[in-house]
Amino acid sequence: MRRLVFVACLGLLALPVAADPACSDRSFEGRDYTVCEVTAAEDLRLFQIAPDGKPFGTFERINDALAGEGARLGFAMNAGMYHPDRAPVGLMIENGEERARIVTSDGPGNFGLLPNGVFCIGDRFAVIESRAFKAAPPACRFATQSGPMLVIDGGLHPRFIPDSPSRYIRNGVGVSADGGRAYFVISQGRVNFAEFARLFRDALRTPQALYFDGNVSRLFAPDIGRRDMGFPMGPIVGTVVPAG
C-alpha cells in the first residue's frame, strides 16, 4: 500500500512525468530512417532563446538550462530553417511568446516552395498550411514555420519530382489525424523530397507533414545512442523529461 501511495505522489510533481519517446530505426522503400514518436501527453517544447538572451544553438545548452528545472531532454532535433544569426526564417512561438512573424509569400529555397506550413504544439499537435494558419491562427504554446509541406491532406506536395537527383539527409515532422501523436523523422542517408514524403504518407499514415531541413539535420536521442554534433542550429524541438 505504501508503494502505491509513493507512486501516486510522483504525479503531483510540478514537472510532467513523461517517458523518453520511442525512437527506432526503420526501413521504407529501401531507405533507412530514424523515427521518434511523441504523444500529446508528453512535455514537448520548442527552444530558441536561452536565458542569456542568445539562441540555444546546441542540445547541450538546452540540457544545461533544463538542469535548473531538474529536467533534461528526452529527444530533440533541429526544427526549422534559420538565418546566419540563427534567428528563425518564419514564425516562431516559444512558450506563448511570438519571437518571429509568419511569412506567407513565396520565395527562393525550400522555405519558399509553397505551400509551406507551421507545426503547432497546443493541447494537441497540428501541422497547418501557413496561409490557413495566418487566416485562423490556433492557440499554440509553441510553433515553428518551415517548408515545404511534405504531405497536404493526404497528398504529396504537388511540386515534388519522384526521381529527383536532389538528395540530402532530411528531417521533418508528421502528425496523426487526431493530433494525438507526432512523428519526428530523420533519414539515415540521402533522400529526395518525394521519397521522404512518402514515408510520412504511406508508412506513418500522417495526413499532414512538414519538412524541417536538410544537410544540417541532427538528432539527439540518447535512448538509442544518438548525439549528433555539428555547427550551432536555430529552432530546436524536444521532449522534456525528469533528470535522473
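A. Structural detail: the overall build of the protein. Counting its regular elements, the protein contains 4 helices and 17 strands. Relative to the compact-globule value of 18 Å for 244 residues, the protein shows a C-alpha radius of gyration of 18 Å, a close match. Counting all 244 residues of the protein, 50% fall into the buried class. Just so you have it, the protein exposes about 11,500 Å², and 54% of that area is on carbon and sulfur atoms. Positive and negative side-chain charges of the protein, numbering 26 and 26 respectively, have mean locations separated by a distance of 1 Å.

B. Representation of the sheet that holds strand 17 (residues 236–242) within the structure. Reading across from one edge, 3-17-4-15-16 is the order of the 5 strands in this open sheet, with antiparallel pairing throughout. Each edge of the open sheet is held by one strand with a lone partner, namely strand 3 (44–47) and strand 16 (226–227). Judged from the 2 bridges that link them, strand 4 (residues 71–78) and strand 15 (residues 219–221) form a sheet pairing that is antiparallel. Within strand 15, the position partnered with Ala76 by the bridge is Phe220.

C. Quick peek at the sheet that holds strand 8 (residues 125–129). Spatially, 5 strands are ordered 6-5-9-7-8 in an open sheet, and the strand pairing comes out antiparallel. The sheet is open, and its two borders are formed by strand 6 (97–100) and strand 8, each paired with just one other strand. Going from strand to strand, the sheet's axes swing by 25 degrees on average, the running direction of each strand aside. Of the strand pairs in this sheet, strand 5 (residues 92–94) and strand 6 are connected by 3 bridges, and their pairing is antiparallel. Looking at the pairing, Ile93 lines up with Glu98 of strand 6.

Conventions used here
- Residues numbered from 1 in each chain as written.
- Predicted model: local features only at pLDDT ≥ 70, side-chain atom pairs only at ≥ 80, totals over all residues.
- Heavy atoms only, no water.
- Helix = DSSP H or I, 4+ residues; strand = E, 2+ residues; numbered from the N terminus.
- Rg over C-alpha atoms; globule rule 2.2 N^0.38 Å.
- Buried < 20%, exposed > 50% of the residue type's maximum accessible area, 1.4 Å probe, protein only.
- Areas by Shrake-Rupley, 256 points an atom, 1.4 Å probe, with all protein chains shown as cover.
- Lys, Arg positive; Asp, Glu negative; His and termini not counted.
- Charge placed at Lys NZ, Arg CZ, Asp CG, Glu CD.
- Pairing = 2+ DSSP bridges.
- Axes fitted to C-alpha atoms, helices over the stretch in contact; angles between N-to-C directions.

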